[in-house]
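# Observations on chain architecture
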Amino acid sequence: MEVIRKIIFYATHVITIAVPFVLWALPSDFFDNGESICLSVRLAGIECYACGLTRATMHFIHFEFAEAAQYNKLAFIVVPMLFMMWIKSFYDIQGKRMPGPIGKLMYPKGAA
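### Points about the overall build of the protein chain
- If you tally the helices and strands in the protein chain, you get 6 helices and 0 strands.
- The order of α-helices and β-strands along the protein chain, N terminus first, is α-α-α-α-α-α.
- Taking 2.2 N^0.38 as the reference for a compact globule, 112 residues should give roughly 13 Å; the C-alpha atoms of the protein chain span a radius of gyration of 17 Å, well beyond that estimate.
- Dimensions along the principal axes, computed over C-alpha positions, put the protein chain at roughly 45 × 30 × 30 Å.
- For the protein chain, the residues scored as buried account for 22% of the 112 residues in total.
- Within the protein chain, counting contacts between residues at least 6 apart in sequence, those at least 24 apart form 38% of the total.
- Entry remark: accessible area of the protein chain is about 8,500 Å², with carbon and sulfur atoms responsible for 70%.

Put into structure tokens, the structure is as follows:
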């Protein structure tokens, strides 16, 4: 059981660390074309708050901030939060905890 837990732990963190590099290697307009897969758009024809967030994130990580804002302004909140999770994965895979006040926010109270 412990081996499975370690495999899941490392797989999760390796994927978390690798995905931004893969997304950055893709062109910024990679997700711009195609149909929406959002359930609220498909079922009700109404855009939700997350509609366009993937496209906005892609433009944000390619430093195309005007395009990111056109797709979804929440990218300016979500991407920095994802960046903190990405940094946390570097610390976690080394068996360390993030320092400072952000580190205190990232771990549950009382966690080792």
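### Quick look at the packing of aromatic side chains
- The final tally for this structure, using the stated rule, is 9 aromatic pairs.
- Over the ring of Y107 we find R97; its NZ or CZ atom is 4.3 Å from the centre of that ring.

### Here we look at the nonpolar core
- Counting 6 residues, the largest nonpolar core consists of L53, A56, F60, A68, A75 and V79.
- At the level of elements, α3 (53–61) and α5 (75–93) are the ones that each hand at least two residues to this core.
- Here the element with the most residues in this core is α3; it accounts for 3 residues.
- Other than its neighbours up to four places away in sequence, A56 contacts A68, Y71, N72 and A75.

### Observations regarding the pattern of salt bridges
- In this structure the tally under the stated criterion is 2 salt bridges.
- Two residues, E35 and R42, come together in a salt bridge whose shortest N-O distance is 3.4 Å.
- A salt bridge links D92 to K88; the nearest nitrogen and oxygen atoms lie 2.6 Å apart. Here D92 pairs with K88, and both are found in helix α5, just 4 residues apart, close to one helical turn.
- When its relative accessible area of 11% is taken as the criterion, D92 is described as buried.

### Overview of the confidence of the model for the protein chain
- Residue-level pLDDT values for the protein chain average 90, and 97% of them are 70 or greater.
- Within the protein chain, helix α6 (residues 100–106) has the poorest average pLDDT of any element, 84, and helix α4 (residues 65–71) the best, 95.

### Thoughts on the environment of V14
- Within the secondary structure, V14 is located in helix α1 (residues 2–25).
- Distance in space between the C-alpha atoms of V14 and A56 is 24 Å, their sequence separation being 42 residues.

### Quick word on the side chain of K88
- For K88, a relative accessible area of 18% puts it in the buried group.
- Among the polar contacts listed, one links the side chain of K88 to the side chain of D92, at a separation of 2.6 Å.
- Filtering out sequence-adjacent residues up to four positions away, K88 remains in contact with M98, M106 and Y107.

Conventions and cut-offs
- The residue numbering used here restarts from 1 in each chain and proceeds along that chain's sequence as written.
- Confidence filtering applies because this is a predicted model: local features only for residues at pLDDT of at least 70, side-chain atom pairs given and counted only at 80 or more, and all residues used for totals across whole chains, interfaces and linings.
- Calculated side-chain values reflect all of the structure's heavy atoms, with hydrogen atoms and water omitted.
- Think of it this way: any DSSP run of H or I at least four residues long counts as a helix, any run of E at least two long counts as a strand, and we number them from the N terminus.
- What the globule rule says is 2.2 Å times the number of residues to the power 0.38, and the radius of gyration is computed from C-alpha atoms.
- Accessibility here uses a 1.4 Å probe with only protein chains present; expressed as a share of the type maximum, an area under 20% marks a residue as buried, one over 50% as exposed, and anything in between as partly exposed.
- Two residues form a contact once any of their heavy atoms are found within 4.5 Å.
- Accessible surface area values rest on a Shrake-Rupley calculation with a 1.4 Å probe, where residue burial reflects the displayed protein chains alone.
- In summary, the pairing rule links any two rings of Phe, Tyr or Trp, Trp by its six-membered ring, whose centres are within 6.5 Å, and it sorts them by plane angle into stacked for under 30 degrees, edge-to-face for over 60 and tilted for everything else.
- Ring-over charges, as used throughout, are those where CZ of Arg or NZ of Lys falls within 6 Å of the ring centre and within 35 degrees of the ring normal.
- What is meant by a nonpolar core is a set of buried Ala, Val, Leu, Ile, Met, Phe, Trp, Tyr and Cys residues, joined one to another through side-chain atoms within 4.5 Å.
- Salt bridge, as used here, is a side-chain nitrogen of Lys or Arg placed within 4 Å of a carboxyl oxygen of Asp or Glu.
- Known as pLDDT, the predictor's per-residue confidence is scaled from 0 to 100.
- Whenever a nitrogen or oxygen atom comes within 3.5 Å of another N or O atom, the pair is scored as a polar contact, on the condition that within protein one atom can donate a hydrogen and the other can accept it, and that pairs from neighbouring residues in sequence are kept only if both atoms are in side chains.

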